[in-house]
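Here is how the chains run, residue by residue.
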Amino acid sequence: MKTKAVRMYGEMDLRLEEFELPEIKDDEILAKVYTDSICMSTYKLVKQGKNHKRAPQNIDTNPVIVGHEFAGVIVKVGKKWQDKFKPGMRFAQQPALNYKGSMASPGYSYEYYGGATEYCIFPHETMELNALMPFEGDSFYKASLGEPMSCSIGAMHAQYHTKQGVYHHEMGLKKNGQLIIMGGCGPMGLGAVEYAVISEYHPKRIVVTDVDDAKIERAKEVVTIEWAREHGVELIYANTAKMEDAKQGLLEISEGHGFDDVLIYVPIPAVAELGNQVMANDGCMSFFAGPTDHEFSAKINLYDCHYNATHIMGTTGGNNDDLIEANDLAARNIIDPSVMITHVGGIDSIAETTCNLPNIKGGKKLAYTQFNMPMTAIEDFGKLGEEDPFFKELDECCKAHKGLWNPEAEKMILEHFGVSVGI
């Protein structure tokens, strides 16, 4: 069968093409993709091309389908998996496979397996690793956003704390402790804030920093201080650029205690250094943001590391359990990953959007792969609605949900472009 997909041929070389998918083997599954949210990691892949660790060396002749935050419906199941998977099942998927030590992942490494496509083929390793899972939520986009949410969930589960003289790590955020998410008003940071507020760790105080007042104001609107308070958490947004002394200002917010958990969500040395400076005794700092510079580094205080038992670690991606947790929370509307999304477009917008991702303001860019539409800011729907009744209706729908993308809007846009849901 034929499919349209965005494929990578080299550095900053993405092409939307139609080509033939092979017939699936007995140990493969054919899927119809509906949503693919565009990740900064894909931009990093495209910028590096063959130099990326997950990219094959023959992409100039055997291009890979990009996109790894995708969801859709199973269309056809090979004989090996017919007792477990059925056509018509909605799915979410975990792209961090690590199959037998391989770095191959959908959206990076496979000719027929990725998210920026109408249809793709799941190879046997995905099912063997239980990385293909049902999604019971009310929309496809929430399943797409399960992967980025799982990254933050995994980062928080990977934090650890100790007791003096006890050689055992207590995993996770410090319970009833103080958490700071630095550079946290972007899409990934907001998802992390949501999860931290409702998590089992229940930090008593969460501080979210940024240097952009507009981003901070939007963050306050979509993840509100009042909502956090209802969950017993003090949520504080802080612009460190406006502090005379950022270190002192943050320590004062922590009432002189410092922060038990520090998450760095932007790859900026000065931000990592500031985070290191405001750690409490036994504080744990996670460098979450993935840099493209292989020599990226920052100064750390080894005196505090020695005498205050501070520790630094990092994670990349989440595991299956993290994704299951993210999908369950979204399906039950305990968290709303919609806070990440600021733009919506079609499959024809993916290549240009990905290549220019750092220059496009806002949060997550969500692509629907079964139709064409320019990548459009949700906040611009109203302006477009002055001439197009559909965008007027879509704008009203989003405004009724605090200006956020929502399941009703997804249903509207699929119906508008004549996309049927199912096989």
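Note on numbering: residues in each chain are counted from 1, in written sequence order. Residue-level local features of this predicted model are given only where pLDDT is at least 70; pairs of side-chain atoms are given and counted only at 80 or more, and the full residue set underlies all totals for whole chains, interfaces and linings. Excluding hydrogens and water, the side-chain values take into account all heavy atoms of the structure.

1. Focus on the packing of helix α4 (residues 146–158) against helix α11 (residues 320–331)
Filter applied, for reference: Orientation is described by lines fitted to C-alpha atoms, with helices fitted over the stretch in contact, and by angles between N-to-C directions that extend from 0 to 180 degrees. We count a stretch as a helix when DSSP gives it H or I for four or more residues in a row; a strand needs E for two or more, and each element gets its number in order from the N terminus. An angle counts as roughly parallel when it lies under 35 degrees, as roughly antiparallel when it exceeds 145, as roughly perpendicular when it falls between 65 and 115, and as oblique in every other case. Less than a right angle of anticlockwise turn of the near helix away from the far helix marks a crossing as left-handed, whereas a clockwise turn marks it as right-handed. In this analysis, two residues are considered to be in contact whenever any of their non-hydrogen atoms come within 4.5 Å of each other. Residue type decides the class: Asp, Glu, Lys and Arg count as charged, Ala, Val, Leu, Ile, Met, Phe, Trp, Tyr, Cys and Pro as nonpolar, and the leftover types, Gly among them, as polar.
Where α4 meets α11, the closest approach of the two axes is 8 Å, and the angle between their N-to-C directions is 120°. The angle between the axes of α4 and α11 places the two elements in the oblique class. Where α4 crosses over α11, the handedness of that crossing is right-handed. Here Gly 146, Glu 147, Met 149, Ser 150, Ile 153, Gly 154 and His 157 of α4 come into contact with α11, specifically with Asp 322, Leu 323, Glu 325, Ala 326 and Asn 327. Classifying every residue of the contact of α4 with α11 by side-chain character gives four nonpolar, five polar and three charged.

2. Things to note about the packing of aromatic side chains
Rules: Whether two aromatic rings pair depends on their centres lying within 6.5 Å, for rings of Phe, Tyr and Trp, where Trp uses its six-membered ring; planes under 30 degrees apart make the pair stacked, over 60 edge-to-face, and the rest tilted. Relative accessible area decides the class of each residue, using a 1.4 Å probe on protein chains only: under 20% of the type maximum gives buried, over 50% gives exposed, and in between gives partly exposed.
The full count for this structure, using the stated rule, is 17 aromatic pairs. Arranged with centres 6.3 Å apart and planes meeting at 65°, the rings of Phe 381 and Trp 405 form a pair that is edge-to-face. Separated by 24 residues along the polypeptide, Phe 381 in helix α13 (residues 381–384) and Trp 405 in the loop between α14 (389–399) and α15 (407–416) bring together distant segments of the chain. With a relative accessible area of 0%, Phe 381 lands in the buried category. Site record: aromatic cluster; members linked through ring pairs are Tyr 368, Phe 371, Phe 381, Phe 390, Phe 391, Trp 405 and Phe 417.

3. Overview of the state of the cysteines
The test is simple: Criterion for a disulfide: a pair of cysteine sulfur atoms at a distance within 2.5 Å.
As enumerated under the stated definition, the model contains zero disulfides in all. In this structure Cys 39 is a free cysteine whose sulfur lies 7.0 Å from that of Cys 151, the closest cysteine sulfur available. Free cysteine: Cys 305, not disulfide-bonded; nearest cysteine sulfur from Cys 284 at 11 Å. What makes Cys 305 partly exposed here is its relative accessible area of 36%.

4. Structural notes on a nonpolar patch on the surface
Note the threshold: Each patch is built from residues lacking any salt bridge and having more than 30% relative accessible area; the joining distance is 9 Å for like charges and 5 Å for nonpolar side chains (Val, Leu, Ile, Met, Phe, Trp, Tyr). For every accessible area listed, the method is Shrake-Rupley and the probe measures 1.4 Å; residues are considered covered only by the protein chains on display. Here, a salt bridge means any side-chain nitrogen of Lys or Arg that lies within 4 Å of a carboxyl oxygen of Asp or Glu.
Residues Ile 300, Leu 302 and Ile 312 make up a contiguous nonpolar surface patch of about 280 Å² in total accessible area. Looking at where Leu 302 falls in the secondary structure, it is placed in helix α10 (residues 302–307).

5. Regarding unusual backbone geometry
One non-glycine residue, Asn 333, adopts positive backbone phi at about 60°. Assignment of secondary structure puts Asn 333 in the loop between α11 and β17 (341–346). Despite not being glycine, Lys 402 has its phi angle at roughly 60°, a positive value. Given a relative accessible area of 52%, Lys 402 falls into the exposed group.

6. A look at the side chain of Arg 205
Put simply, the test is: Residues adjacent in sequence count toward polar contacts only when both atoms are side-chain atoms; beyond that, a polar contact is any pair of N or O atoms within 3.5 Å, and within protein one must be able to donate a hydrogen and the other to accept it.
Checked against the element boundaries, Arg 205 lands in strand β12 (residues 205–210). What makes Arg 205 buried here is its relative accessible area of 8%. Among the polar contacts made by the side chain of Arg 205, one reaches the main-chain carbonyl oxygen of Ile 253 at a distance of 3.3 Å. Excluding residues that lie within four positions of it along the chain, Arg 205 makes contacts with Gly 177, Gln 178, Leu 179, Glu 234, Ile 236, Ile 253, Ser 254 and Glu 255.

7. Overview of the pairing of strand β11 (residues 178–182)
The following threshold applies: The pairing criterion for strands is at least two bridges between them, as found by DSSP. Throughout, right-handed denotes a crossover for which the path from the first strand over the helix to the second runs clockwise when the strands point away from the viewer.
Burial of β11 is extensive: five of the five residues sit out of reach of the surface. Side-chain alternation along β11 places Gln 178, Ile 180 and Met 182 on one buried face and Leu 179 and Ile 181 on a second face that is also buried. Pairing between β11 and β12: four bridges, direction parallel. Considered in β12, the bridge of Leu 179 is made with Ile 206. As for the winding sense of the linkage, the β-α-β connection from β11 through helix α5 (residues 187–198) to β12 is right-handed. Note that β11 and strand β14 (residues 259–264) share four bridges and pair parallel. Counted as the bridge partner of Leu 179 is Asp 261 from β14.

8. Description of the nonpolar core
Heads up, the condition is: The set of buried Ala, Val, Leu, Ile, Met, Phe, Trp, Tyr and Cys residues whose side-chain atoms join them within 4.5 Å is what this entry labels a nonpolar core.
Formed by 60 residues in total, the largest nonpolar core has its most connected members in Ile 206, Tyr 237, Tyr 368, Leu 394, Trp 405 and Ile 413. No other element matches α5, which puts seven residues into this core. Ile 38, Val 46, Ile 59 and Tyr 108 belong to the second largest nonpolar core, which has 20 residues in total.

9. What to know about the pairing of strand β7 (residues 119–122)
Side chains of β7 alternate between two faces, with Tyr 119 and Ile 121 and Cys 120 and Phe 122 buried alike. Relative to β7, strand β3 (residues 29–38) runs antiparallel, the two sharing four bridges. Counterpart to Leu 30 in the pairing with β7 is Ile 121.

10. Quick look at the side chain of Thr 3
Assignment of secondary structure puts Thr 3 in strand β1 (residues 2–10). For Thr 3, a relative accessible area of 0% gives the class buried. Here Thr 117 takes part through its side chain, which lies 3.2 Å from a polar atom of the side chain of Thr 3. In this structure the side chain of Thr 3 is engaged in a polar contact, spanning 3.5 Å, whose partner is the backbone nitrogen of Glu 118. Filtering out sequence-adjacent residues up to four positions away, Thr 3 remains in contact with Glu 17, Glu 18, Phe 19, Leu 21, Thr 117, Glu 118 and Tyr 119.

11. With respect to α5
Rule in force here: A helix's residues, less one, multiplied by 1.5 Å, set its expected span.
Taking 1.5 Å of rise per residue, the twelve residues of α5 would be expected to cover 16 Å, and the 18 Å separating its terminal C-alpha atoms lies within 8% of that figure. With ten of its twelve residues buried, α5 lies for the most part within the structure. Residues Gly 189, Leu 190, Gly 191, Ala 192, Val 193, Glu 194, Tyr 195, Ala 196, Val 197 and Ile 198 constitute the buried set of α5.

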